[in-house]
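Below, each chain spelled out in residue letters.
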Amino acid sequence: MSSIIAKVFGPFRMETSEGVDLTPKGQKNRAICAILALSKDQIRSRQWLRECLWENPTSTQAQYSLRTSLRAIRTSLGDHAHQLHSDKWDVWFKPQISVSLDRTPGSELLENLDIATMVFEDWIRAVRSSFSETQTNRLIIGPIGDEQPVVRIFLRSTEEGSKAAPVLRTLCDTLSHSLIKIDNLHIEFVNSEDDLHELKDDKFILVEMESSQDDQILVVNARLLGPPNLSYIWSGKTHVAAGESYKKKLNTIEEFSNKILTAILEKASNRISSEPFFQLTNATRRLFTGDHFDLQTAERILTRLRAEKPSGAVHAWLAYLRLTESFEFLVNSESNHEEALNSVMEALKAAPYSPMVVAISAQVALKLSGDVDYSRHLAARAMDLAEGDAFALDAMSQVKTFLGDHTSALEFAKRAQAASRGLANEFSWDMLCCMAALGVGDYNEAIEFAASCHRKEPSYRPALRYLIALHLILNRREEAEHFIQKLRCLEPDFDIASMRSPDYPMETLRILGLIDALPDHIDP
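(A) Structural context of the environment of V151. With respect to the helices and strands, the residue V151 is situated in strand β8 (residues 150-155). Given a relative accessible area of 1%, V151 falls into the buried group. Here the alpha-carbon distance between V151 and V207, two residues 56 residues apart in the chain, equals 7.3 Å.

Listed below in structure tokens is the structure:
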């Protein structure tokens, strides 16, 4: 089926890729389509649309008029009516429609829309100011009003029939899928060397992929280049053996894709550190260190982003920060929990189709509200959006734990751990597996997961705490003492008796009734 294109310079119109006119009649009907097309994720709340287009937005008449407009728009869209969605709260396009920035000299954005409300006038003024006369004509998908960091992918061509071609395509698709789940990041593709040379002075990050092969081994290379002038940032490679099973090849590709993703988030952020996207990356990385100073720094960044550049991901990570405060640093005030749950609602409203946002929301709702049914719904929804996503699998594992299905919880935890390989904070999924292994009573496997976490992130306190506790439970005093000395470098006042305190962050041991198995001290 042909796609919808919204043309926003000059008189607003909508048409198919074959040129069939789909533009709805009536200024407010056209305004609704234009607002959705130019909004982030092409979604707006019903309340905001009423405030934007009607003088008395809370009136019954405004509510009826919006419903009437949506029916008229669907009628105008004809065979494409299924792309306009609405529910009790929001209106959105899915699949998102294309937006053409094709303009003639002197043309203005949305020339034929003049709605006499203050909200609409403020909105259209802000959108018009985001475009300059020097912008080139282009066709994009989704929001264009925000300044977004751009990741461009250049897949070097391979010979027809080459064994490398499907592997490179899979890597490209896997990385693109991971990138598109990240909030406020724009992805484009470079098709040729000529196009590449023309982009050298632009502000973007380039992922360049190529491969070489012999009869047995395929080598896949990736380079990360960025501003200024495509300077070198990072490179990596992986090997795929010709005789490996499809599943093993896919696991290798997914892990390499995660390494590229991590390089973009960790290394490339230094090149465009002022962008909100990379500020968010800086904040989220600090949430997993177990350090209180990092948590405070993350809070300052996220709070500033919420005020200046709010998004679903910002709200979700603020909720996760409050959850971390509650479980790791024992900040259990009612206001803390209320703020976290309010942030969840804002996150889901702003980004209902982001698997990461939905999954984080599921975890926060589960642990701070105890609403298992709602959390299970959110976790299942996150998996529907991205079945192999580490955050979605993590959320489902934790839901299964709360439901007492510890075998399934461990299965989902291990899948999450596998999906996280190559990510910067993959160590946190080792701890998820540690907790899940405790649920099935496998202390030795739990120790192995905690030890893996500690090797990857030696200063991560939860891993040290559980290594101490589990070795003590198994009466391995010498091993426990080894990790006690390491933890005291981070917590100078630590002693074993403190682990039995209800204020000490060892929640899983309490839930499983294992706290009483800990001694008060190690006998000399």
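(B) Representation of helix α13 (residues 372-385) within the structure. Taking 1.5 Å of rise per residue, the 14 residues of α13 would be expected to cover 20 Å, and the 20 Å separating its terminal C-alpha atoms lies within 8% of that figure. For α13, the secondary structure elements touched by its buried residues are α11 (334-350), α12 (355-369), α14 (390-402) and α15 (406-420).

(C) Spatial organisation of the sheet that holds β8. Reading across from one edge, β9-β8-β10-β11-β12 is the order of the 5 strands in this open sheet, with mixed pairing throughout. Either end of the sheet is taken by a strand with one partner, and the two such strands are β9 (186-190) and β12 (231-241). Sheet twist, expressed as the average angle between the axes of neighbouring strands with direction ignored, equals 20°. One ladder, built from 5 bridges, connects β8 with strand β10 (residues 205-213); its direction is parallel. Along β10, the bridge assignment pairs V151 with I205. Sitting on the sheet, helix α5 (residues 164-180) is in contact with β8, β9, β10, β11 (217-226) and β12, with an inclination near 155° to β10.

(D) The arrangement of the pairing of β10 in detail. Pairing of β10 with β11, which is carried by 8 bridges, proceeds in the antiparallel orientation. Pairing of E210 across the sheet is with N221, part of β11.

(E) Looking closely at the nonpolar core. Core analysis: the biggest nonpolar cluster contains 115 residues, and V207, I260, W317 and L509 have the highest contact counts within it. Every residue in contact with V207, bar those within four places of it in the chain, is listed here: V151, R152, I153, F154, L175, R223, L224, I260 and I264. In terms of nonpolar packing, the next biggest core, distinct from the first, is built from 40 residues, A34, L53, L77 and L84 among them.

(F) Structural detail: the sheet that holds strand β5 (residues 90-93). With antiparallel pairing, 3 strands are arranged side by side in an open sheet as β3-β5-β4. With one partner strand each, in any of the chains shown, β3 (43-45) and β4 (84-86) form the two edges of the open sheet. With direction set aside, neighbouring strand axes in the sheet form an average angle of 15°. Bridge count between β4 and β5: 3 bridges; the pairing is antiparallel. By the bridge assignment, S86 is partnered in β5 with V91.

(G) Here's a closer look at the pattern of salt bridges. For the structure shown, the criterion picks out 14 salt bridges. Ionic pairing is found between E208 and R223, a salt bridge with its closest N-O pair at 2.5 Å. A residue pair is termed long-range when its members are at least 10 positions apart, and E208 in strand β10 and R223 in strand β11 qualify at 15 residues. Residue class for R223 comes out partly exposed when judged on its relative accessible area of 34%.

Rules and cut-offs
Residues numbered from 1 in each chain as written. Predicted model: local features only at pLDDT ≥ 70, side-chain atom pairs only at ≥ 80, totals over all residues. Heavy atoms only, no water. Helix = DSSP H or I, 4+ residues; strand = E, 2+ residues; numbered from the N terminus. Buried < 20%, exposed > 50% of the residue type's maximum accessible area, 1.4 Å probe, protein only. Expected span 1.5 Å × (residues − 1). Contact = heavy atoms within 4.5 Å. Pairing = 2+ DSSP bridges. Axes fitted to C-alpha atoms, helices over the stretch in contact; angles between N-to-C directions. Core = buried A, V, L, I, M, F, W, Y, C linked by side-chain atoms within 4.5 Å. Salt bridge = Lys/Arg side-chain N within 4 Å of Asp/Glu carboxyl O.

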